[in-house]
Amino acid sequence: MSNEKQLWHGIARETIPWFPTVNQDKCIGCELCFVTCGRGVYEMRDHKAHPDHLYDCMVGCTTCANICPVQAITFPDRQIVQKIEREHKILATVRKEAAAKHAKLDAAKARAQAEDAVAATVSRVAFHVAGEFGEKRFLVKLQALIKDRPFDVVNLKLEVCTLKGALEKTPSHMTFEITSTEQQDISEFLDEVRGLIRQNQLVLVNENRV
Ligand code: SF4
Ligand code: SF4
């Protein structure tokens, strides 16, 4: 049994008489309580349900009694629990537990939002461009575009199908990736790259987020 189970809002669980009792004569061994109880309170023996792990039962829960088809399961009067709540003044403990739970949920929410923001940040995009590159000095213009700015061009490859073809100005293929040197979003800068491709009468074959 874990510490979490041993205490109920600061009260020793074994001092709280809240657990199921099974009338063995009524039980038909359907195992509904056994498969339903998420606390593992029940064991099945000789086609009967046995609540062997009494203090693993969640204080105040009556699920198994509610679903037993032959009403073989009973619980103490719920006033027992309410009396314990009053006597131990558990509301102060509950307030602290609630504050801790809110803090945990808020932290999880903030973490999820931060992860979403990172996932939504476009910081690296691969371009595949085709056309004539030599005379248009596309690379020089691309270099000017990133000069003194937090962007870079990496994995640059120029593929010329044949030397003769290049001399005869048949289209070549260039691939490169635009990145941010500061891990920032580059979405707006990509518009400038696309514009440069268009201005140079090159064809943007495809563009993929990396
Ligand atoms: S749900 Fe009721 S009848 Fe079915 S095994 Fe449990 S105690 Fe027995
Ligand atoms: S009352 Fe709830 S926690 Fe307790 S034995 Fe039944 S199903 Fe399990």
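Look up: the structure comes first, before these words.
Parameters and conventions
- Here the residue numbers are simple positions, counted from 1 along each chain's written sequence.
- Throughout, the order in which chains and ligands are written sets their labels, letters from A for the former and numbers from 1 for the latter.
- The predicted origin of the model limits local features to residues at a pLDDT of at least 70 and limits the giving and counting of side-chain atom pairs to 80 or more, whereas totals for whole chains, interfaces and linings rest on all residues.
- To get the side-chain values, all heavy atoms of the structure are used, and hydrogens and water are removed first.
- In the cavity and pocket records, a cavity denotes points on a 1 Å grid over the protein atoms alone where a 1.4 Å probe fits but cannot get out, a pocket denotes an open set with protein on both sides within 12 Å along at least 5 of 7 lines, and lining residues are residues with an atom within 4 Å of a point.
- Grid points are joined across faces, edges and corners, and a volume is the space filled by probe spheres set on the points.
- By the convention adopted, Pro, Cys, Tyr, Trp, Phe, Met, Ile, Leu, Val and Ala count as nonpolar, Lys, Arg, Asp and Glu as charged, and the other residues, Gly among them, as polar.
- Any two of the Phe, Tyr and Trp rings considered here, Trp counted by its six-membered ring, make a pair once their centres fall within 6.5 Å; the pair's planes then place it as stacked at under 30 degrees, edge-to-face at over 60, or tilted in between.
- Put simply, DSSP H or I for four residues or longer makes a helix, DSSP E for two residues or longer makes a strand, and each gets a number counted from the N terminus.
- Buried residues are those whose accessible area, probed at 1.4 Å on protein chains only, stays under 20% of the maximum for their type, while exposed residues exceed 50% and partly exposed ones sit between those limits.
- A contact between two residues is defined here by any heavy atoms of the two lying within 4.5 Å.
- Residue types Ala, Val, Leu, Ile, Met, Phe, Trp, Tyr and Cys, when buried and joined through side-chain atoms within 4.5 Å, form a set referred to as a nonpolar core.
- Here the arc refers to the directions that run from the helix axis out to each C-beta atom.
- Patch membership requires more than 30% relative accessible area and the absence of a salt bridge. Residues of like charge join within 9 Å; the nonpolar side chains Val, Leu, Ile, Met, Phe, Trp and Tyr join within 5 Å.
- All accessibility values rest on the Shrake-Rupley procedure with a 1.4 Å probe; residue burial counts only the protein chains present in the view.
- Here, a salt bridge means any side-chain nitrogen of Lys or Arg that lies within 4 Å of a carboxyl oxygen of Asp or Glu.
- We call a residue near a molecule or strand whenever a single non-hydrogen atom of that residue lies within 4 Å of it.
- The rule for placing a molecule in a cavity or pocket is simple: more than half of its atoms must lie within 2 Å of the grid points.

1. So, empty space enclosed by the protein
Counted under the stated rule, the structure contains 1 cavity of 30 Å³ or more. Estimated volume of the largest cavity: approximately 90 Å³. Taken together, 14 residues make up the lining of the largest cavity; nearest its centre are Cys 27, Cys 30, Cys 33, Ala 49 and Cys 68. Each residue belonging to the lining of the largest cavity can be placed in one class, and the counts come to 12 nonpolar, 1 polar and 1 charged.

2. Re the packing of aromatic side chains
A complete count under the given rule lists 5 aromatic pairs for this structure. Relative to Tyr 55, the ring of Phe 19 lies with its centre 5.6 Å away and its plane at 85 degrees, an arrangement referred to as edge-to-face. Of the two residues, Phe 19 is situated in the loop between strand E2 (11-12) and strand E3 (21-22) and Tyr 55 in the loop between strand E5 (48-50) and helix H3 (63-67); the sequence distance between them amounts to 36 residues.

3. A look at unusual backbone geometry
Note on backbone geometry: most residues besides glycine have negative phi, and most peptide bonds are trans. A positive phi angle, near 50 degrees, is found at His 9, a position not held by glycine. With respect to the helices and strands, the residue His 9 is situated in the loop between strand E1 (7-8) and E2. Residue His 9 is classed as partly exposed on the basis of its relative accessible area of 26%.

4. Quick look at the environment of Glu 85
Relative to the helices and strands, Glu 85 is located in helix H4 (residues 79-87). Counting along the chain gives 76 residues from Glu 85 to His 9, while the straight-line C-alpha distance between them is 9.3 Å. Setting aside residues up to four positions removed in sequence, Glu 85 forms contacts with Trp 8 and Ile 90.

5. Re the nonpolar core
Ranked by internal contacts, the top residues of the largest apolar core, which has 22 residues, are Trp 8, Ile 16, Trp 18, Tyr 42, Ile 73 and Phe 75. If you list the elements that add at least two residues to this core, you get H3 and H4. Listed in part, the 21 residues of the second largest apolar core include Phe 127, Val 129, Met 174 and Ile 178.

6. A few points about helix H6 (residues 138-146)
For H6, the complete set of buried residues consists of Phe 138, Leu 142, Leu 145 and Ile 146. Taken end-on, H6 shows its buried residues confined to a sector of 90 degrees, consistent with a single buried face. Residues of H6 that are exposed and angled more than 90 degrees away from the buried face: Gln 143 and Ala 144. Packed against the buried residues of H6 are strand E8 (151-159), strand E9 (172-180) and helix H8 (187-199). Taken from the residues just after H6, Asp 148 is the one with a positive phi, measuring 60 degrees.

7. Points about a nonpolar patch on the surface
On the surface, Leu 32, Phe 34, Val 35 and Ile 67 cluster together into a nonpolar patch covering about 320 Å² of accessible area. With respect to the helices, strands and loops of the structure, Ile 67 is situated in helix H3.

8. Let's talk about the site of ligand 1
Within the structure, ligand 1 sits among 13 residues, and Cys 27, Cys 30, Glu 31, Cys 33 and Cys 68 are positioned closest to it. Applying the majority rule of atoms within 2 Å of the grid points places ligand 1 in the largest cavity. The class makeup of the residues in the shell around ligand 1 is 11 nonpolar, 1 polar and 1 charged.

9. Observations concerning the pattern of salt bridges
Applying the stated criterion to the full structure yields 7 salt bridges. The partner of Glu 192 in a salt bridge is Arg 149, with the nearest N and O atoms 2.9 Å apart. Of this pair, Glu 192 sits in helix H8 while Arg 149 sits in the loop between H6 and E8, and the two are 43 residues apart along the sequence. Judged by relative accessible area, which is 33%, Glu 192 ranks as partly exposed.

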